[in-house]
Amino acid sequence: MMTVSLAILGLLTIAAPWLISHFGRRFGYLAALVSLASFLWFFSLIPRITSGDERIEELPFLPTLGSAFTLRLDGLALVFALLITGIGTLIAIYTVGYLEDHPRLARFWVSLLLFQTAMLGLVLADDIVALFIFWELTSVSSFFLIGFADERPQARANAQQAFIVTAAGGLLLLVGLLLLAEQRGSFSLRTLLSAGTAQPTDALTTAAFLLILLGAATKSAQFPFHFWLPNAMEAPTPVSAYLHSATMVKAGIYLLARIAPEFGRHPWWQPSLLTLGIVTALVGAALAVLQRDLKRLLAYSTVSALGMLVILLGLGEAGSKAFAMFLLAHALYKGGAFLIAGIIEHSTERRTLDALGGLWCRLPTLTLATLLVVAAAVGLPPTLGFIAKEATLEVGLNVMPSLLFALLVVAAVGQATVAWLLLRPLFARPPEILYPHAPHWSLLVGPTALGLLALAGGFFSAPLGRIVSAIVASVRGSAVLVVEIALWHGFTLVLGTSVLVLVTAGLLALTWPQLAQFGDHLAATTPLGEPPRGLGRIAPERGYRGLMATLTRVAIMQTRILQNGYLRVYITIIILTAILLVSASIVRATFPRPATFPGVTSVDVVDAILALIIIVSSFVAVRATERLAAIAALGALGFSLALLYARYGAPDLAITQVLVDTLTVVFLVFAFYRLPRYARLSSTAARARDALLATAFGLMMAGFALLIHLFRYPERTSVFFAEQAYLAAHGRNVVNVILVDFRALDTLGEITVLGLAALGVTALLAIGKGARSR
Amino acid sequence: MTTLPSIILRTAVRWISPLLLLFSLFLLLRGHHEPGGGFSGGLIASTAFALFTFGHGLETARRILRVSPPTLVVAGITLALVSGSLAFLAHKTFLTGLWIAIPLVGDTRVELGTPLLFDVGVYLTVIGATLTMLFEFAKE
Amino acid sequence: MELLFALMVGTLYGCSLYLLLRRSIVKLAVGLILLGNGANLLIFSAGGLIRGRPPLVPEGATTVPAPYADPLPQALILTAIVISFGVLVFAVALIYRTYRALSTDDLDDLTTTDRLGEVTEAAHRPLVPIATITQSADDGR
């Protein structure tokens, strides 16, 4: 069923352009239905999975490499699958109202559905090869979605940045996973992560851990790779809500949670994750409140929240319960917040906070939805946000050193400030009177549903507890234990901190204009094409841009040296390298047999004459001063070669060679009289130098051709072909059987190349035609 | 190619070309058991048309061929793909050879298989590609 | 006989390299033909030289009686012959177009695509697509 739901999504992706040409924007409802169906299916599995069951589906895939396409559904995967399909449903409906009849609707949907398929595959995959492919596919689809407005240079640059950062991280991840697979002899995550009982501290495991951590950090926008996420806000808002807050950026978090049962015991786990998380949470929170752009504000706060999740994972078992709740709460309220930002932008065509205000009286429905989302985001009781925040603070207070806890609280204040700031467009005094148009109902479904869900989370603590406990079991790698979730803990220190966070954040939100001015002064981000100033000079993004600039410089430099436009220089370099490598191998090789050749000296007269013709005609072709002489020499050479083939048991080759030779001569006669003279252009010195190189190369190849006979492999593929040609493939001509049966795939490729060569000739000769007639 | 060659060449070509075409089919069909096959058959057929082009000019050669050479390329590659895909119907992997034996009079029977179809695809592609190139050059 | 084959292979490779290093664009085509033949002969001789025993299953038998010439290199070479023919014709077409467009047969005059664009600009613009490609690459920078 998991396979089926992936397959259906995949099919929908492929069929999307066609369906959109029929249904237009209403395709969004269809996509929502498909997502909803798979959401409901995953939903129906909650009881089974939360009682400790696992679901595994397997399809053979690359069986020779020991890899299978295995899908596995446990608590962690289930929650992610629910988020992906559930929020996916809402996003699909939202897109109908947001993009309306955008001319490139089909491209948008193909990318979005590709993402949804890949993301679902990513969280369900048990096989690391499949995991990696899905991982990179999410990066690819994210690239297309960020660069959706590809007429804007900024969108193109940011799409490229996000892709390069996350895909590079993906490659590191691949190396890490393969190291693990190599060490532990399996491609299955289940096996890989439950292998060790002893503490895994050897160098290979540590290297694998660090590589996987780097992969996760790039994907989940951890410092210093966080810069791509705010820049990804070039994407249409449904994408920001879906990929860049609720799902894709959590892929790295998912992966860390996935490997936590095994690597959680690694001595580097806690220090590295805590450092990474706390720096990210602080940087994200600090930069968030300084932004003017509504979406960048939310993006930085997402960075901060992702850092928080990493902290909670870094705390190990103690943090797992808070991790689970924070994960759920954040996906709901941050997704909702983005959707609201999108509605505001859609209705007012404004996105900067200081240009907005007073919307509450004109957009009452939006105001309601916003209030719901903000309540969850700042963590007001009785929302899920409140419970998650309480749990986070409680863990922090109990197990973290007080300095770290203080930093955690600061990050929480930053995030809550961002949440409060969402109210500004509604209630602040507007700089000018705005006349927003009322949002289509499809736009409001998403944020309202997410806000309500976050609210409901606080009331239905029993089912929530079951889901949380299933996640906790996956993260701890233990059996499912029932987690009690309570809304009210009494007047505790945690509650006090919580109130403090809320109030401080509220006060900060009120002074936001000053904060934003301070932010302008700091200039932490540098727009494309401008020199960095302020904080921008030390921002990690500068490192990225410097790296890319260096890459370009190196590319240009090496092109100037290696690709200087002189064909003979390229050839000389290639040949010298070849001579060097082959000679070195010949010198170093140990020969299995003494260097005597039976029959080396037994030269047949006819063979000798043919060989002589071939050698002489080669030299004639080189020395000829007339084109016709060269062509004649080539003809003689080809026919002698054909005769040699015929004498040495290759009649098929002989026939083909004769025919091709005939046709070649025909073509050359056709073409050469339209070609320039057979001129001598090089200087004598150049010719002498080339002759020397050619002689060396010829001698080496001759030696190579001779020495090859010393290596004969006892088990030859040919023996199989010769034995099975008639019995299995019903053919008496073994060569033909190889071509059309045993190795037919190769032949298929070869006739395709032949067809392409013909197409190329047509194109080359037709271009001239068109130009001349103009 | 504006001035046509001598009448001797034209007459000779008129007789030789069909014979060559026939021979190319013979080579193609016997290829599975004796030297020959799609590649050499296709090359022979191309030579036949090349000769015809020499003798009677490009336009006549095109008319005699009826279909355009690029169409032959497409047809050939498609045929090869189809012959390979037939294996899917028998739940085998792509390009697995399938054979049926058609009994003729007495003990003799003719074996037909998808590899033969594949070879016909090769034959058509080779003719198509060679003639595409030949005609383009002849036009210049 | 192996020695003789090695000599042929060496000669073909050496001569082809010498021709490939020439500045004359026509010699490049001849060099390509020699290179193709040399490579084929090398593969052929590497498979082992057995005279007069083609890999055919005789009537009445079910397998090829040993010794027989290795069929695998033959299959490789057979397609290689046809492909190198296609590539050769393509190369000749390319050479022909280049010559028509740039009125030069000296490879040293064909050093950069940028210059190719300029020259084509002057010479009745027959290679518009290449010029457009360089143009758009500039825009992207």
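In the block above lies the structure referred to throughout.
All of the points below concern the structure found in this document. (Residues numbered from 1 in each chain as written. Chains lettered and ligands numbered in written order. Predicted model: local features only at pLDDT ≥ 70, side-chain atom pairs only at ≥ 80, totals over all residues. Heavy atoms only, no water.)

### Side note on the interface of chain A and chain B
If you look at the interface, chain A gives 36 residues, while chain B gives 43 residues. Regarding the contact of chain A and chain B, the summed buried area is about 3700 Å², with carbon and sulfur atoms giving 75% of it. Together, F670, H730 and I751 of chain A form the three largest contributors to the area buried by chain A at its contact with chain B, with a combined 16%. Counting every contact that joins chain A to chain B gives zero salt bridges. Mapped onto the side of chain A that touches chain B, the elements with two or more residues apiece are α28 (651–672), α31 (734–742) and α32 (744–773) of chain A. Ranked by residue count, the leading element in the side of chain A that touches chain B is α32 of chain A, at 14 residues. (Contact = heavy atoms within 4.5 Å. Buried area = accessible area lost by both parts, 1.4 Å probe. Salt bridge = Lys/Arg side-chain N within 4 Å of Asp/Glu carboxyl O. Helix = DSSP H or I, 4+ residues; strand = E, 2+ residues; numbered from the N terminus.)

### What about the side chain of S83 of chain B?
Residues and elements named next belong to chain B. By the secondary structure assignment, S83 is in helix α4 (residues 69–89). According to the relative accessible area criterion, S83 is buried, its value standing at 2%. Among the polar contacts listed, one links the side chain of S83 to the backbone oxygen of A80, at a separation of 2.9 Å. Contact partners of S83, with chain neighbours within four places excluded, come to T114, L117 and F118. (Buried < 20%, exposed > 50% of the residue type's maximum accessible area, 1.4 Å probe, protein only. Polar contact = N/O pair within 3.5 Å; in protein donor to acceptor, adjacent residues only side chain to side chain.)

### A look at the interface of chain A and chain C
A common way to state how big an interface is: give the accessible area lost once the parts meet. Listed per partner, the contact involves 98 residues of chain A and 92 residues of chain C. Per-residue buried area on chain A facing chain C is highest for Y648, R732 and L764 of chain A; these three make up 9% of the total on that side. Our enumeration of links across chain A and chain C arrives at four salt bridges. When the shortest N-O distance is used, the salt bridge between E59 of chain C and R732 of chain A registers 3.7 Å. Our count for the chain A to chain C interface comes out at 13 residue pairs in polar contact (both at pLDDT 80 or more). Listed by contribution, the elements that provide at least two residues to the side of chain A that touches chain C are α25 (567–588), α26 (605–623), α27 (627–647), α28, α29 (684–707), α30 (717–727), α31 and α32 of chain A.

### Regarding the packing of α27 of chain A against α28 of chain A
All names here are of chain A. It is the contact of α27 with α28, at a shortest axis distance of 8 Å, that shows an interaxial angle of 170°. Taken as axis vectors, α27 and α28 run roughly antiparallel relative to one another. From α27, R627, I631, L634, G635, G638, F639, L641, A642, Y645 and A646 reach across to α28, where they touch L653, A654, Q657, V658, D661, T662, V665, L668, V669 and F672. Here the residues of the contact of α27 with α28 sort into 14 nonpolar, four polar and two charged. (Axes fitted to C-alpha atoms, helices over the stretch in contact; angles between N-to-C directions. Parallel < 35°, antiparallel > 145°, perpendicular 65-115°, else oblique. Nonpolar A, V, L, I, M, F, W, Y, C, P; charged D, E, K, R; others polar.)

### Some thoughts on the packing of helix α18 (residues 402–421) of chain A against helix α22 (residues 493–510) of chain A
Residue and element names in this part refer to chain A. Two numbers describe how α18 lies on α22: the axes approach to 8 Å, and their chain directions differ by 50°. Comparing the axis directions of α18 and α22 gives the class oblique. The handedness of the crossing between α18 and α22 comes out as right-handed. Across the interface between the two elements, F405, V409, A412, V413, A416, T417, W420 and L421 from α18 touch T497, V501, L502, T504, A505, G506, L508 and A509 from α22. (Left-handed = near helix turned anticlockwise from the far one by under 90°.)

### Details of the packing of aromatic side chains
All names here are of chain A. Taken as a whole and judged by the stated rule, the model has 26 aromatic pairs over all chains. Seen from their ring centres, Y29 and W441 are 5.9 Å apart, and the 0° between their planes marks the pair as stacked. One end of the pair, Y29, is in helix α2 (residues 27–44); the other, W441, is in helix α20 (residues 441–459), with 412 residues separating them in the sequence. Y29 sits in the partly exposed class, given a relative accessible area of 27%. The rings of F27, F108, W109 and F148 are connected pair by pair, giving a single aromatic cluster. We note R104 situated over the ring of F148; from NZ or CZ to the ring centre the distance is 5.4 Å. Cation over ring: R732 sits above Y726, and NZ or CZ is 4.1 Å from the ring centre. (Phe/Tyr/Trp six-rings, centres within 6.5 Å; stacked < 30°, edge-to-face > 60°. Lys NZ or Arg CZ within 6 Å of the ring centre and 35° of its normal.)

This is a description of form; function is not addressed.
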